[in-house]
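A closer look at the structure
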Amino acid sequence: MNEQIQEIKKSFSSGLSRVKSLEALQKIRVSLLGKKGKITLLLKKLTTLDGSKRKEVGKKINDLKSHIENKLLEKENILKEKESKKALSESTIDITLPGRPQNVGTIHPLTQTEKMIIDVFQSMGFSVAEGPEVETDYYNFEALNFPRDHPARDMQDTFFVEGDLLLRTHTSTVQIRTMEQKAPPIRIVSPGKVYRCDDIDATHSPIFHQVEGLCVGPDIHFQHFKGTVEAFIANIFGKDTKVRFRPSFFPFTEPSAEVDIMGPDGWLEIMGCGMVDPNVFENVGKKWKDRGEENPYDPDKISGFAFGMGVERIAMLLHQVNDMRLFYENDIRFLKQFGK
Ligand code: DAH
C-alpha cells in the first residue's frame, strides 16, 4: 500500500502540472477523491489491515488526501483567475452603440394644480384635512342641510353603494367631519376625488377632483372670505385678474355666491362659496351634545365661510386646456408639456 501511496502522489503531481483547464482539474479530482477514486478505494482497503498498521497507513493516506485537496484548490484558483483575465481581455465595449435614454416622469398637471391651490391656502394658515370617498348619506347631504327631496340626492347625480353608503359627490363632507371633531377656530382645505353620475365629455367626468375650504371662528364675516379669495386668485391667475362675486344658492351656505374671474372671452366661474348656514352649525353641535361635551358651535356665537372648487376646472383655465379628458388619457405627449 505504501508503494501505491507513493505512486499516486507522483502521478498526481505530474498530472497536475499538465492541467490547463478547470474541466481537466475536475477530472483529476474525481479520479482521486470521487466515489470510485483511487484515494477513496485505498481508504476502503484499510479495513483489511490490522491495528497498528492500519493506523500508520491510514495517517499516510489522510496526509496524501489533504495534500491533494490543497494542491487542487491552489490550482483551481490559479485557473479561475486566468480564465477571468482571458474573458476580460477578449470582451470589448462598443462605445459607438447609442445609449438608452432614461425617461424621467413628471408630476401630473392635476396633481400640480392641486398642490398649487393647497400651497396658497397653507401660506394663509389653512391646513389640509381629508375624508373618506365612500360616505354616508348623512355626511354628504343631511348634515349639509340638503332637504330630503333635493335633486342632488337623486340617482342621476349620485353613485349609491348600498344602503346608506354612497360615493361622495363633493368634498364638503370634510367640513362636517372636521367640525364634529375639532372646536373653532378652524381653517382647513380638503382636496380629494369626488364622484357623480355624469357621462364623460369635454367638461364632465364621473370622477373629478375638488378642493373644499372652511374657515370658522367667533367673528368671521364675508369680508374675510372676499379677502382670502382675492388673494388666492391673485396668486394663481395673476395680480390683475378681475374677480366677481355673483349671488347663488347652496343648501349649506347662506348667503351663497359663485366666484367668477374675467377670462379672454368673458366671465368664468371658478368656485362656489358662502357663509356657513346656521343649520350646519346646529347639526355638528348636536354631535358635541350627544357626546356629552360642551357645544362650541352655537350659531349665535360662531360664523364662518366655506368654498369649493374643481381642480380640473382651475387646471383647464390655467393651461388653456379645452377638453378635460386630456387629463385622464395620460398621453405622454400631453403630459410632457407640464414637465416639472
Ligand atoms: N360642494 C359644492 C359643489 O360640489 C361646492 C361648494 C359650494 C362648496 C359652496 C362650498 C360652498 O363649500 O360654500 O358643487
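Residues numbered from 1 in each chain as written. Predicted model: local features only at pLDDT ≥ 70, side-chain atom pairs only at ≥ 80, totals over all residues. Heavy atoms only, no water.

Taken domain by domain, the protein chain comprises domain 1 (2-90) and domain 2 (109-338). Computed from C-alpha atoms alone, the centre-to-centre distance between domain 1 and domain 2 is 83 Å. (Domains from an automatic or database assignment.)

Let's shift gears to the site of the ligand. Surrounding the ligand, one finds 15 residues, the nearest of these being His-170, Ser-172, Arg-196, Gln-210 and Glu-212. Measuring from an oxygen atom of the ligand, one finds a side-chain N or O atom of Gln-175 at 3.4 Å. In the environment of the ligand, an oxygen atom lies 2.8 Å from a nitrogen or oxygen atom belonging to the side chain of Arg-196. In the complex, the protein chains occlude 89% of the 350 Å² of accessible area that the ligand would expose alone. Elements with a contribution of two residues or more to the shell around the ligand: strand 6 (207-217), strand 9 (266-276) and strand 10 (303-310). (Near = heavy atom within 4 Å. Polar contact = N/O pair within 3.5 Å; in protein donor to acceptor, adjacent residues only side chain to side chain. Areas by Shrake-Rupley, 256 points an atom, 1.4 Å probe, with all protein chains shown as cover. Helix = DSSP H or I, 4+ residues; strand = E, 2+ residues; numbered from the N terminus.)

Helix packing geometry: the angle between the two helix axes and the distance between the axes. Relative to each other, helix 1 (residues 2-18) and helix 3 (residues 38-45) sit at 165°, their axes nearing to 11 Å. Classified by the interaxial angle, the pair formed by helix 1 and helix 3 is roughly antiparallel. Seen along the crossing, helix 1 lies across helix 3 with a hand that is left-handed. Of the residues in helix 3, those in contact with Gln-4, Ile-5 and Ile-8 of helix 1 are Lys-38, Ile-39, Leu-42 and Lys-45. Class assignment of the residues belonging to the contact of helix 1 with helix 3 gives a composition of four nonpolar, one polar and two charged. (Axes fitted to C-alpha atoms, helices over the stretch in contact; angles between N-to-C directions. Parallel < 35°, antiparallel > 145°, perpendicular 65-115°, else oblique. Left-handed = near helix turned anticlockwise from the far one by under 90°. Contact = heavy atoms within 4.5 Å. Nonpolar A, V, L, I, M, F, W, Y, C, P; charged D, E, K, R; others polar.)

Before going further, it helps to examine the packing of aromatic side chains. The full count for this structure, using the stated rule, is 18 aromatic pairs. With a centroid separation of 5.9 Å and 35° between ring planes, the pair formed by Phe-146 and Phe-252 is classed as tilted. Of this pair, Phe-146 sits in the loop between helix 6 (137-140) and strand 3 (160-162) while Phe-252 sits in the loop between strand 7 (243-250) and strand 8 (253-263); the two residues are 106 residues apart in sequence, bridging distant segments of the chain. Note on Phe-146: relative accessible area 9%, which makes it buried. Feature note: the residues Phe-121, Phe-126, Phe-222, Phe-225, Phe-232, Phe-245, Phe-305 and Phe-307 constitute an aromatic cluster, connected by ring pairs. Above the plane of the ring of Trp-288 lies Arg-291, whose end atom (NZ or CZ) is 4.9 Å from the centre. (Phe/Tyr/Trp six-rings, centres within 6.5 Å; stacked < 30°, edge-to-face > 60°. Buried < 20%, exposed > 50% of the residue type's maximum accessible area, 1.4 Å probe, protein only. Lys NZ or Arg CZ within 6 Å of the ring centre and 35° of its normal.)

On to helix 9 (residues 278-290). Here helix 9 is 13 residues long and its end C-alpha atoms lie 18 Å apart, about the 18 Å a rise of 1.5 Å per residue gives. Turning to helix 9, its buried residues number three or more, namely Val-280, Phe-281, Asn-283, Val-284, Gly-285 and Trp-288. The inward-facing, buried residues of helix 9 contact helix 6, helix 7 (173-181), strand 6, strand 9 and strand 10. Between a side-chain oxygen at the N-terminus of helix 9 and the backbone nitrogen of Asn-279 the separation is 2.8 Å; the capping residue is Asp-277. Gly-292 sits one or two positions beyond helix 9 and adopts a positive phi of about 80°. (Expected span 1.5 Å × (residues − 1).)

With that settled, the discussion passes to the sheet that holds strand 3. Read across the open sheet, the three strands follow the order 2-4-3; overall the sheet is antiparallel. For this open sheet the edge positions go to strand 2 (134-136) and strand 3, each flanked by a neighbour on one side alone. Within the sheet, the average angular offset between the axes of one strand and its neighbour, ignoring direction, is 40°. Bridging between strand 3 and strand 4 (residues 165-167) involves two bridges; their strand directions are antiparallel. Across the sheet, the residue bridging to Glu-162 is Leu-165, located in strand 4. (Pairing = 2+ DSSP bridges.)

The subject of this paragraph is a nonpolar patch on the surface. On the surface, Val-134, Val-161 and Leu-165 cluster together into a nonpolar patch covering about 220 Å² of accessible area. Within the secondary structure layout, Leu-165 lies in strand 4. (Patch = residues over 30% accessible without salt bridge, like charges linked within 9 Å, V, L, I, M, F, W, Y side chains within 5 Å. Salt bridge = Lys/Arg side-chain N within 4 Å of Asp/Glu carboxyl O.)

Take the packing of helix 1 against helix 4 (residues 51-90) next. With their axes 11 Å apart at the nearest point, helix 1 and helix 4 run at an angle of 5° to one another. On the basis of the axis angle, helix 1 is roughly parallel to helix 4. Facing Asn-2, Ile-5, Ile-8, Lys-9, Phe-12, Leu-16 and Ser-17 of helix 1, the residues of helix 4 in contact are Val-57, Lys-60, Ile-61, Leu-64, His-67, Ile-68, Lys-71, Leu-72 and Lys-75. A per-class count over the contact of helix 1 with helix 4 returns nine nonpolar, three polar and four charged.

With that out of the way, let us pick up the pairing of strand 9. Within a regular strand, side chains alternate between the sheet's two faces. Burial within strand 9 is extensive, with eight of its eleven residues counted as buried. Sheet topology note: the strand 8/strand 9 ladder contains nine bridges and is antiparallel. In the sheet register, Ile-261 faces strand 9, and the bridge partner there is Leu-268. Connecting the antiparallel pair strand 8 and strand 9 is a turn made up of two residues. Bridge count between strand 9 and strand 10: four bridges; the pairing is antiparallel. Looking at the pairing, Cys-273 lines up with Phe-307 of strand 10.

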